[in-house]
Amino acid sequence: MTSSTPYAPYPAGRPRRLRRDAFNRNLVRENTLTAHDLIYPVFVHEGANRREAVASMPGVERLSLDLLLPVAEECVRLQIPAMALFPVIDQSLKTYGGEEAFNPDGLVPRVVRELKKRFPDLGVMTDVALDPYTSHGQDGLPDENGYIVNELTIEALVKQALAQADAGVDIVAPSDMMDGRIGAIRTALEAHGHIHTRIMAYSAKYASAFYGPFRDAVGSAANLGKSDKKTYQMDPANSDEALREVAMDIAEGADMVMVKPGMPYLDVVRRVKDEFRVPTFAYQVSGEYAMLKAAAQNGWLDHDRVMLESLMAFKRAGADGVLTYFAIDAARLLNA
């Protein structure tokens, strides 16, 4: 603190004055968390009346469409703006090329059409990546040496995004981290008349160890085996690189950008927001959720308090919204 600071020194300046009463703490609070800041990721699979718990994500389930509809209805009631769909695809449909990803009658397009028909005001967001659909568990298409071929993968991703847009999805969210895929998808959407389909780019998606429970949930972990995604997802040591990735995605037509994972990368969220001032989101990923859930179940942490505190951290870091498996629980508390 320099001599030019406007703050009065102690005892004329007592910062604790503004913390004395609840009313005053509310008046000077710098950030606010509401249900409108949340996006709820859900796992959907085929069938009817099918409910499967995800063992590594307590409280999270894979649901068939009929059981997903009441969840969507609750999101509307709680004023959660959007759901993000992640499919669990039968092993028999998984191929090298992930062709089921762009089947117009596949699981995701059918779920999108039904959700938009029943809940037109609920935002629906879909993942654009091949890993749930590929026999090898990668987000893209590998060559004979296992290296993911960028341009070949983009061709498949464009088909996938168009199938989702044709079904009426509001937001496509490419999570694959291929170079140039945002521009290719934006060009294709425009060419096919989908001028209102938004793109939320997973712009800074790191090769993180926090994704383990998610891969269990969508069934890609076994297919991936001991392989990794380090040739296309970002090195956790880098943050300048994240700014370059975000800049490229914005230039290519992304409407919103995302940092993933969340809490271990709040510094990146802050840098992205400060640098670009565009709608910026963070994904509180499966491993983050599982850690807090496990600690709470063991009585080591207060579940509701750490849940809300963790979500507020995203807002304080500059995120406009958060994808979180806590969305329903958090919205119930925030709306109480």
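Computed from a prediction, not measured in an experiment: that's the story for all the values here.

1. A short note on the packing of aromatic side chains
Stage number 1. In the structure shown here, the tally under the stated rule is ten aromatic pairs.
Stage number 2. Between Tyr283 and Tyr325, the aromatic rings sit 6.0 Å apart at their centres with planes inclined by 45°, giving tilted as the arrangement. One end of the pair, Tyr283, is in strand β9 (residues 280-284); the other, Tyr325, is in the loop between β10 (321-324) and α12 (327-334), with 42 residues separating them in the sequence.
Stage number 3. Every member of this aromatic cluster is reached through a ring pair, and the members are Phe43, Phe86, Tyr202, Phe214, Tyr283, Tyr289, Tyr325 and Phe326.
Stage number 4. Looking at Lys205, its charged tip hangs above the ring of Tyr211, at a distance of 5.8 Å from the centre.
Stage number 5. Note that Lys260 overlies the ring of Tyr283, its terminal NZ or CZ placed 4.5 Å from the centroid.

2. With respect to the pattern of salt bridges
Stage number 1. This model, assessed by the stated rule, comprises 24 salt bridges.
Stage number 2. As a salt-bridge pair, Asp320 and Lys273 come within 2.8 Å of each other at their nearest N and O atoms. Of this pair, Asp320 sits in the loop between α11 (303-317) and β10 while Lys273 is found in helix α9 (residues 266-276), placing the two residues 47 residues apart along the sequence.
Stage number 3. Among the residues examined, Asp320 registers a relative accessible area of 33% and is labelled partly exposed.
Stage number 4. Judged by relative accessible area, Lys273 falls into the buried class, the value being 13%.
Stage number 5. One network of salt bridges, with partners in common, ties together Glu74, Arg77, Lys293, Asp329 and Arg332.

3. Some details on unusual backbone geometry
Stage number 1. Residues Tyr10 and Pro11 are joined by a peptide bond in cis, for which omega reads 10°.
Stage number 2. Relative to the assigned elements, Pro11 resides in the segment before α1 (22-28).
Stage number 3. Cis rather than trans, the peptide bond between Lys260 and Pro261 has omega equal to -5°.
Stage number 4. Looking at where Pro261 falls in the secondary structure, it is placed in the loop between β8 (256-260) and α9.
Stage number 5. Even without a glycine there, the phi angle at Arg277 is positive, about 55°.
Stage number 6. With respect to the secondary-structure elements, Arg277 resides in the loop between α9 and β9.
Stage number 7. Look at Arg277 and you get exposed, because its relative accessible area is 59%.

The rules behind the values
Residues numbered from 1 in each chain as written. Predicted model: local features only at pLDDT ≥ 70, side-chain atom pairs only at ≥ 80, totals over all residues. Heavy atoms only, no water. Phe/Tyr/Trp six-rings, centres within 6.5 Å; stacked < 30°, edge-to-face > 60°. Helix = DSSP H or I, 4+ residues; strand = E, 2+ residues; numbered from the N terminus. Lys NZ or Arg CZ within 6 Å of the ring centre and 35° of its normal. Salt bridge = Lys/Arg side-chain N within 4 Å of Asp/Glu carboxyl O. Buried < 20%, exposed > 50% of the residue type's maximum accessible area, 1.4 Å probe, protein only.

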